[in-house]
Amino acid sequence: MTTQQRASACEATAADLNGQDLDLNSVRYAISRARGQSSAPLNHEALTELETELCGYIGSLLPTAKAAVDKLWHGGIAWHQQISRLDGIERQVGQGLGTGVLSAHVQVQQLAKDCQWLIDHQGQQQ
């Protein structure tokens, strides 16, 4: 899957999720699967599906996080740290799985960490 195709798939998933209330339990379950806490080992196809799912969740969570960070003083340390983290998350979404199962596992685990950070960040802002 090319970067363009991956971005389109993630945007489509995020658009589907934006029309609904985001179920944080579903996000947490995807994070759990990505971290290997499920009983079944993941193959490249399953990792591809999980990547798309996590990218969709990230796409749904990012606007809220960006809005919260935008309220911070733009010259402050907290703003810089958080905006840098959000930029890193956006770049990570575009990385793709790579060709091997190991690189796919690493990418999916990083996306899971990013989802968890966004959930945690959302909880702090409410």
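Structure first, text after, so check above.
First things first, this report covers the structure right here in the doc. Fair warning: this is a prediction, and the values are worked out from it, not measured in the lab.

Observations regarding the state of the cysteines
By definition, a disulfide is the covalent link that joins the sulfur atoms of two cysteine residues. A complete count under the given rule lists zero disulfides for this structure. In this model Cys-115 remains outside any disulfide bridge; the closest cysteine sulfur is found in Cys-55, 8.2 Å from its own. Of the residues examined, Cys-115 reaches a relative accessible area of 0% and is grouped as buried.

As for the pattern of salt bridges
Inspection of the entire model under this criterion finds three salt bridges. With its nearest N and O atoms 2.6 Å apart, the salt bridge here joins Arg-33 to Glu-53. One end of the pair, Arg-33, is in helix H2 (residues 24-34); the other, Glu-53, is in helix H3 (residues 44-70), with 20 residues separating them in the sequence. A salt bridge links Asp-114 to Arg-85; the shortest N-O distance between them is 2.9 Å. Of the two residues, Asp-114 sits in helix H5 (residues 101-125) while Arg-85 sits in helix H4 (residues 77-93), which places them 29 residues apart along the sequence.

Some thoughts on the nonpolar core
Core analysis: the biggest nonpolar cluster contains 25 residues, and Ile-31, Leu-54, Ile-58, Leu-86, Val-108, Cys-115 and Leu-118 have the highest contact counts within it. Those elements that provide at least two residues to this core are H2, H3, H4 and H5. In this structure Ile-58 touches Ile-89, Val-93, Leu-111, Asp-114, Cys-115 and Leu-118, once residues within four positions along its chain are discounted.

A closer look at the packing of H2 against H3
Where H2 contacts H3, the two axes come as close as 10 Å, and the packing angle between them is 140°. It follows that H2 is oblique to H3 by the angle criterion. Remark: the crossing between H2 and H3 carries left-handed chirality. Contact residues: H2 offers Ser-26, Val-27, Ala-30, Ile-31, Arg-33 and Ala-34, while H3 offers Leu-50, Glu-53, Leu-54 and Tyr-57.

What counts, and where the lines are drawn
- Residues numbered from 1 in each chain as written.
- Predicted model: local features only at pLDDT ≥ 70, side-chain atom pairs only at ≥ 80, totals over all residues.
- Heavy atoms only, no water.
- Disulfide = S-S within 2.5 Å.
- Buried < 20%, exposed > 50% of the residue type's maximum accessible area, 1.4 Å probe, protein only.
- Salt bridge = Lys/Arg side-chain N within 4 Å of Asp/Glu carboxyl O.
- Helix = DSSP H or I, 4+ residues; strand = E, 2+ residues; numbered from the N terminus.
- Core = buried A, V, L, I, M, F, W, Y, C linked by side-chain atoms within 4.5 Å.
- Contact = heavy atoms within 4.5 Å.
- Axes fitted to C-alpha atoms, helices over the stretch in contact; angles between N-to-C directions.
- Parallel < 35°, antiparallel > 145°, perpendicular 65-115°, else oblique.
- Left-handed = near helix turned anticlockwise from the far one by under 90°.

None of this, on its own, says anything about what the molecule does.
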